[in-house]
Amino acid sequence: MKQKETLLNTMGIDIARASFEEIGEEHVGTSFETPLREDAFEMDDDLKVELIEKHFREIMNIMGLDLTDDSLKGTPHRVAKMYVKEVFSGLNPKNKPAAKLFENKYKYNEMLVEKDITFHSHCEHHFVPIYGKAHVAYISNGSVIGLSKINRIVQYFSKRPQVQERLTMQIGNELVEVLGTQDVAVIMDAYHMCVSSRGVNDTNSSTVTSFFSGKFKHDEQSRNEFLKYIALEK
């Protein structure tokens with residue numbers, strides 16, 4: 001067995017996953033649901049922070065960084081806390097926003113569009129940021145939702161390791177379920193730092209993904225009206 005394979009085995013890494021680099025580069029998503037183990041939330045957040053801090057400290061040691069330096073000695077704890085409490089907080093269903101509906105007393109039956117919702121996520125292949133704008137539209141089926149709840153739904157699903165295609169679908173399907181209407185549209189326009197800060201180092205390109213259901217999927221006029229509102233139609 002090669003030295004590298006021996007080292008990987010001693011570290012508990014399955015060498016059968018030898019193709020993982022190819023999968024990562026090809027931006028493959030394997031499921032609609034975020035891949036989670038059944039016991040993902042048996043451990044409380046404080047213990048997760050403690051363990052991540054320990055392991056991240058070891059990563060920094062392996063890289064040769066001096067953790068006695070004043071600038072670095074607090075980094076393992078800061079990273080661990082950031083992972084659990086902030087950038088990956090959307091993994092935990094207890095953080096899912098409660099979306100209260102209100103009666104559509106104005107009888108407004110036209111399209112409602114909320115555009116340019118800023119979101120920050122992380123690529124699940126390299127754990128570097130994905131960031132951009134989400135544009136959401138729906139047509140009421142008798143109920144409406146507070147505008148801030150749309151933002152919170154976008155943020156919730158963004159706060160986890162993601163593939164942009166999955167993120168777009170998760171937001172769209174959640175809005176369909178919460179609003180009780182099939183007439184939902186989501187477009188996400190994002191920059192991927194796994195593209196801009198490594199690999200091909202392309203800082204100009206962005207990725208656009210969409211979710212259309214109900215009238216937005218089957219009625220070209222409704223879809224074009226939405227695209228016009230968010231200035232994606234020429």
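Since the model is a prediction, treat every value here as computed from it, not as a measurement.

S.K.: Help me understand the pattern of salt bridges, please; the structure alone is not making it clear to me.
M.R.: For side chains bearing opposite charge, pairing can occur when the charged atoms are close. Inspection of every chain in the model, using the stated rule, returns seven salt bridges. The partner of Asp46 in a salt bridge is Lys85, and the shortest N-O contact between them spans 3.8 Å. On the criterion of sequence distance, the pair formed by Asp46 in helix H3 (residues 45-62) and Lys85 in helix H4 (residues 75-87) is long-range, its members being 39 residues apart. Of the residues examined, Asp46 reaches a relative accessible area of 55% and is grouped as exposed. Among the residues examined, Lys85 registers a relative accessible area of 41% and is labelled partly exposed. Salt-bridge contacts for Lys96 lead to Glu174; the nearest nitrogen and oxygen are separated by 3.3 Å. Here the residue Lys96 occupies a position in the loop between H4 and strand S1 (101-103), and Glu174 occupies one in helix H6 (residues 164-179), the gap between them amounting to 78 residues. A relative accessible area of 10% means that Glu174 is categorised as buried.

S.K.: Would you mind going over the packing of aromatic side chains with me for this structure?
M.R.: The geometry of an aromatic ring pair comes down to the distance between the two centres and the angle between the two planes. Counting across every chain of the model gives seven aromatic pairs. Seen from their ring centres, Tyr83 and Phe127 are 6.4 Å apart, and the 75 degrees between their planes marks the pair as edge-to-face. Of this pair, Tyr83 sits in helix H4 while Phe127 sits in the loop between strand S2 (111-123) and strand S3 (129-139), and the two are 44 residues apart along the sequence. A centroid spacing of 4.9 Å and a plane angle of 75 degrees characterise the contact between Tyr156 and Phe157, whose relative ring orientation is edge-to-face. Residue Tyr156 is classed as buried on the basis of its relative accessible area, which comes to 7%. Residue classification places Phe157 among the buried residues on the basis of a relative accessible area of 8%. In this structure, Arg160 is placed above the aromatic ring of Tyr156, and the distance from its NZ or CZ to the ring centre is 5.1 Å.

S.K.: Honestly, H6 in this entry has me stumped. Any pointers?
M.R.: Helix length check: H6, at 16 residues, gives a terminal C-alpha distance of 22 Å against a target of 22 Å (1.5 Å per residue), a fit within 8%. Burial of H6 is extensive: 12 of the 16 residues sit out of reach of the surface. Residues Gln164, Arg166, Leu167, Thr168, Gln170, Ile171, Gly172, Glu174, Leu175, Val176, Val178 and Leu179 constitute the buried set of H6. Positive phi appears at Gly180, one or two residues downstream of H6, with a value of about 70 degrees.

S.K.: I keep staring at the state of the cysteines and nothing clicks. Help me out?
M.R.: Here a disulfide denotes a covalent bond joining the sulfur atom of one cysteine to the sulfur atom of another. Following the criterion strictly, the structure yields zero disulfides and no others. Here Cys123 stays free of any disulfide, with the sulfur of Cys194 as its closest cysteine sulfur at 3.9 Å. Judged by relative accessible area, Cys194 falls into the buried class, the value being 11%.

S.K.: Help me understand the sheet that holds strand S7 (residues 207-212) in this model?
M.R.: Strands pair in a sheet through their backbones, by hydrogen bonds, and they do so in one of two ways: parallel or antiparallel. On the basis of which strands lie adjacent, the open sheet formed by five strands has the order S5-S2-S3-S6-S7 and mixed pairing. The open sheet is flanked by strand S5 (161-162) and S7, the only strands paired with a single partner. The sheet contact formed by strand S6 (residues 184-192) and S7 spans six bridges and is antiparallel. For Val186, the partnering residue across the bridge sits in S7 and is Phe211. Here H6 sits on the sheet and contacts S2, S3, S5, S6 and S7; the angle it forms with S6, its principal contact strand, is near 155 degrees. In this fold helix H9 (residues 220-229) packs onto S2, S3, S6 and S7, with an angle of close to 65 degrees to the strand it touches most, S2.

S.K.: Just checking my understanding: could you explain the packing of helix H5 (residues 147-158) against H6 for this structure?
M.R.: A pair of packed helices is characterised by two quantities: the angle between their axes and the separation of those axes. At a closest axis distance of 10 Å, the pairing of H5 and H6 adopts a crossing angle of 140 degrees. Taken together, the axis directions place H5 and H6 in an arrangement best described as oblique. Judged by the sense of rotation from one axis to the other, the crossing of H5 with H6 is right-handed. Taken together, the residues of H6 that come into contact with H5 (itself represented by Ile153, Val154, Phe157 and Ser158) are Leu167, Gln170, Ile171, Glu174 and Leu175. Considered class by class, the residues forming the contact of H5 with H6 number six nonpolar, two polar and one charged.

Calculation rules
- Residues numbered from 1 in each chain as written.
- Predicted model: local features only at pLDDT ≥ 70, side-chain atom pairs only at ≥ 80, totals over all residues.
- Heavy atoms only, no water.
- Salt bridge = Lys/Arg side-chain N within 4 Å of Asp/Glu carboxyl O.
- Helix = DSSP H or I, 4+ residues; strand = E, 2+ residues; numbered from the N terminus.
- Buried < 20%, exposed > 50% of the residue type's maximum accessible area, 1.4 Å probe, protein only.
- Phe/Tyr/Trp six-rings, centres within 6.5 Å; stacked < 30°, edge-to-face > 60°.
- Lys NZ or Arg CZ within 6 Å of the ring centre and 35° of its normal.
- Expected span 1.5 Å × (residues − 1).
- Disulfide = S-S within 2.5 Å.
- Pairing = 2+ DSSP bridges.
- Contact = heavy atoms within 4.5 Å.
- Axes fitted to C-alpha atoms, helices over the stretch in contact; angles between N-to-C directions.
- Parallel < 35°, antiparallel > 145°, perpendicular 65-115°, else oblique.
- Left-handed = near helix turned anticlockwise from the far one by under 90°.
- Nonpolar A, V, L, I, M, F, W, Y, C, P; charged D, E, K, R; others polar.

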